[in-house]
Amino acid sequence: MSMPAEFHEIAKRVNNWGRWGSDDEIGTLNLITDEVVREAAATVRTGRRVPLALPLKEDGVQTGMIPGRVNPLHAMVQINQELFGPGTVACSDDAVTMGLQAATHWDALTHVSHSGKIYNGRPATTVTAHGGAEFSGIDKPRHIVSRGILLDVARALGKDRLDGGHTVTPEDLEAAEELAGTKVRAGDIVLVRTGQMQVYLAGDKHAYAFPSPGLSVRTPEWFHARDVAAVANDTLTFEIFPPEIEDLWLPVHALDLVEMGMLQGQNWNLEELSTACGELSRHTFLLSAMPEPFVGATGTPVAPVAIL
């Protein structure tokens, strides 16, 4: 099934191909300038640190719905082994097998393609079985630190958690922006809270996955107009699931990653952050969300920290 005309019309309006040159591989992360980071550092007032990552464990968020995306399988490869002879210091080592998008993660710009293209108009065939992503792999953004802003959509709509079928619209984002008492600005990393993470934390990962609230196909234009650097949320699929347009799967992924060149993050635990922002009556902070530099990978685990 080809993408509908509605999708292509939005794609034209948010397209950033060539904006930072034909060789660009990091897209909207170019908007995180030195000045943006200096201003982000100035948001730190208390030094309170809030971790946003889920624990990496075998009984994680993955249910088997996505082939190959396995929860972390942890194994000990040596236990108290005296490598240099009897009586020497003993070592213990670990190994892990996991899907790089299994838990709290960033999607690289190459995570999806459409119409045979990835970001900046490159062929989707530049992602290969042996080499991974030749361009725009997750190793290309070497640092992701900026001002973070929590758009607590659930709280803004007077709820602790959005219903599973709720589509987060630009109007919802503006309501959350009003609750935050500040405007999203160029170079920000926006964290959208739906409250869906509560379902997983309560022990029901199947209900966490489906049905799930998420971002509408209308939201990429909102982020594009504000020059947002990256967006993450507290759901498995990022966008509304099942999709708002019948049989149009992952259109927000395609618009954000392919057309706009904007990183997406999923499975971020925003519950403690929501509480902290409410207690401090502010929703902006310094956000450190460094990607693990897997060369050629289309995603990476991340352990983000908000510093208030």
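Everything numeric in this text was worked out from a predicted model, so none of it was measured.

Now for the pattern of salt bridges. Inspection of the entire model under this criterion finds 17 salt bridges. Among the salt bridges present, the one from Arg 155 reaches Asp 152, with a minimum N-O distance of 3.9 Å. Here Lys 159 makes a salt bridge to Asp 163, at a shortest N to O gap of 3.6 Å. By relative accessible area, which is 32% here, Lys 159 ends up partly exposed. One salt-bridge network, in which partners are shared between bridges, spans Asp 152, Arg 155, Asp 160, Arg 193 and Glu 271.

Pairing is mixed across the open sheet formed by nine strands, whose spatial order is β1-β15-β13-β7-β9-β11-β12-β4-β14. If you trace the sheet from one side to the other, it starts and ends with β1 (49–51) and β14 (299–301), each paired once. Pairwise comparison of adjacent strand axes, ignoring direction, gives a mean angle of 25 degrees for this sheet. Its contacts with the sheet put helix α2 (residues 34–41) on β7 (145–152) and β13 (284–288), and the angle it makes with β7 is roughly 60 degrees. On the sheet, helix α4 (residues 170–180) packs against β7 and β9 (189–193) and is oriented at approximately 105 degrees with respect to β7.

Another point: the packing of aromatic side chains. A complete count under the given rule lists five aromatic pairs for this structure. A centroid spacing of 5.7 Å and a plane angle of 50 degrees characterise the contact between Tyr 200 and Tyr 208, whose relative ring orientation is tilted. Taking relative accessible area as the criterion, Tyr 208 reaches 0% and is therefore assigned buried. Taking 5.8 Å as the distance between ring centres and 75 degrees as the angle between the ring planes, the aromatic pair formed by Phe 210 and Phe 241 counts as edge-to-face. Of this pair, Phe 210 sits in the loop between α6 (205–209) and β10 (214–215) while Phe 241 sits in the loop between β11 (230–233) and α8 (251–260), and the two are 31 residues apart along the sequence. For Phe 210, a relative accessible area of 45% puts it in the partly exposed group.

Mapped onto the secondary structure, Pro 293 falls in the loop between β13 and β14. Measuring from C-alpha to C-alpha, the distance between Pro 293 and Asp 160 comes to 35 Å, with 133 residues separating the pair along the chain.

Let's shift gears to unusual backbone geometry. Omega for the bond connecting Phe 210 with Pro 211 falls within 30 degrees of zero, at -5 degrees, which places this linkage in the cis form. Cis geometry marks the peptide bond from Phe 241 to Pro 242, where omega comes out at 5 degrees. Among the secondary structure elements, Pro 242 is positioned in the loop between β11 and α8. Positive phi values are uncommon outside glycine, yet Asn 80 reaches one of about 50 degrees. Examined against the element boundaries, Asn 80 turns out to sit in strand β2 (residues 73–82). One non-glycine residue, Leu 250, lies in the positive phi region at around 60 degrees.

Turning next to α4. Of all the positions in α4, only Pro 170, Asp 172, Leu 173, Ala 176, Glu 177 and Ala 180 are classed as buried. Taken end-on, α4 shows its buried residues confined to a sector of 155 degrees, consistent with a single buried face. The inward-facing, buried residues of α4 abut β7, α3 (153–156), β8 (167–168), β9, β10 and α7 (219–225). Trailing α4 by a residue or two, Gly 181 shows a phi angle of about 75 degrees, which is positive.

Moving on to the environment of Arg 19. Among the secondary structure elements, Arg 19 is positioned in the loop between α1 (5–14) and α2. Overall, the relative accessible area of 38% leaves Arg 19 in the partly exposed class. Taking C-alpha positions, Arg 19 is 23 Å from Gly 296, a pair spaced 277 residues apart along the chain. Those residues in contact with Arg 19 that lie beyond four places of it in its chain are Leu 31 and Asp 227.

Parameters and conventions
Residues numbered from 1 in each chain as written. Predicted model: local features only at pLDDT ≥ 70, side-chain atom pairs only at ≥ 80, totals over all residues. Heavy atoms only, no water. Salt bridge = Lys/Arg side-chain N within 4 Å of Asp/Glu carboxyl O. Buried < 20%, exposed > 50% of the residue type's maximum accessible area, 1.4 Å probe, protein only. Pairing = 2+ DSSP bridges. Helix = DSSP H or I, 4+ residues; strand = E, 2+ residues; numbered from the N terminus. Axes fitted to C-alpha atoms, helices over the stretch in contact; angles between N-to-C directions. Contact = heavy atoms within 4.5 Å. Phe/Tyr/Trp six-rings, centres within 6.5 Å; stacked < 30°, edge-to-face > 60°. Arc of directions from axis to C-beta.

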